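Residues per chain, in single letters:
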Amino acid sequence: MQYSLNMVWNPSEGIDLGFFMVRYYSLMFVVAFGLGWYIMKNIYKREGLSMEKLDNLFVYTVIATLVGARLGHVFFYDWDYFKDHKLEILLPIKETASGWEFTGFAGLASHGAAIAIILVMYFYSKKVVQKPILWVLDRVVIPVASGAIFVRLGNFMNSEIVGTQTSSSFGIKFIKDWYSPREAFEKTGIGNAKDAYKAIETNPQFSQVLADVVPKHPAQLYEAFGYVFVFAILFYMYWKTDARNKQGLLFGIFLVLLWTVRFLVEYVKESQGGFENALGVFSTGQWLSIPFVIIGLYFVFKSLVKK
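I will try to describe carefully the structure that is included in this document. (Residues numbered from 1 in each chain as written. Predicted model: local features only at pLDDT ≥ 70, side-chain atom pairs only at ≥ 80, totals over all residues. Heavy atoms only, no water.)

Thoughts on the pattern of salt bridges
Okay, so step 1: What the rule picks out here adds up to eight salt bridges.
Okay, so step 2: A salt bridge links glutamate 223 to arginine 152; the shortest N-O distance between them is 3.0 Å. Of this pair, glutamate 223 sits in helix H10 (residues 219–240) while arginine 152 sits in helix H5 (residues 133–157), and the two are 71 residues apart along the sequence.
Okay, so step 3: In this structure, the salt-bridge partner of glutamate 201 is lysine 198, at a minimum N-O distance of 3.5 Å. Here glutamate 201 and its partner lysine 198 are both found in helix H8 (residues 193–202), three residues apart, which amounts to about one turn of the helix.
Okay, so step 4: The class for lysine 198 is partly exposed, based on a relative accessible area of 44%.
Okay, so step 5: One network of salt bridges, in which partners are shared, links Arg152, Glu223, Arg262, Glu266 and Lys269. (Salt bridge = Lys/Arg side-chain N within 4 Å of Asp/Glu carboxyl O. Helix = DSSP H or I, 4+ residues; strand = E, 2+ residues; numbered from the N terminus. Buried < 20%, exposed > 50% of the residue type's maximum accessible area, 1.4 Å probe, protein only.)

Structure, rendered in structure tokens:
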């Protein structure tokens, strides 16, 4: 890794096993869900619930997260495009001039995932665990908070959801964000995108090309750092206090803290599109975070005053 005044960021796509590439973003999702399952396993043991019910919870949460995050991106951030490309909403393909191309899912939104998880937890609470929905939400938000950390680390590895330009020492030169694969080819004359990016990073011949990359805030790391504290607070309150007995308290604190972190980081995050131009003042992510914070405050207040 090359260092100058600002760190240069150009990681590989993942771990190459020869016959298969384990992409870092996918790996972070696996870690998030795996750690989440382990956390909930210990919670369910404490609560005296069967592992069979935990397996159902795991399946529901994975499906809700992926489908909700995808639909959230489609409807909150990029409906102008997807309204004319509906087949691409739930299929990992993209229509190009030469036909259909496999792309994977390039857009996921955490607000959509949050809504989907809450809806699915209602079904799970009634049909599977036979507990009040707030009982389930008070516990599931702990692994969700930990998972949010790894999702943002995955975004960092992918050089996506970057921050705004900065002259501070916190700035990072995201080569893949600054230059598209075509631009990297044009700048270096190297046809392979991976090799072209590597040449920009390390080859003195392209030192000016690298110098032209403007540092940006690593907004993904700021957000991940904030989520560490959200997780730590929820984890401590569940295991070391009686907060778990105050229905809705942990869920409310989760909503307030996590979406406040998101709201604040949006100030140094590049626009992700959506409806912010129509409403002004705040970004789309900030507008979507405000209702979650308000709802969280309601549940915190309700849980503390309930006799």
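Quick look at a nonpolar patch on the surface
Okay, so step 1: A contiguous nonpolar surface patch, about 630 Å² in accessible area, is contributed by Trp37, Tyr38, Phe58, Val59, Ile63, Val67 and Leu90.
Okay, so step 2: Among the elements of the structure, helix H1 (24–47) and helix H2 (51–77) are those that each provide at least two residues to the nonpolar patch.
Okay, so step 3: The leading source of residues in the nonpolar patch is H2, at four residues.
Okay, so step 4: Locating tyrosine 38 in the fold gives a position in helix H1.
Okay, so step 5: Residue classification places tyrosine 38 among the partly exposed residues on the basis of a relative accessible area of 48%. (Patch = residues over 30% accessible without salt bridge, like charges linked within 9 Å, V, L, I, M, F, W, Y side chains within 5 Å. Areas by Shrake-Rupley, 256 points an atom, 1.4 Å probe, with all protein chains shown as cover.)

The analysis is restricted to geometry; functional conclusions fall outside its scope.
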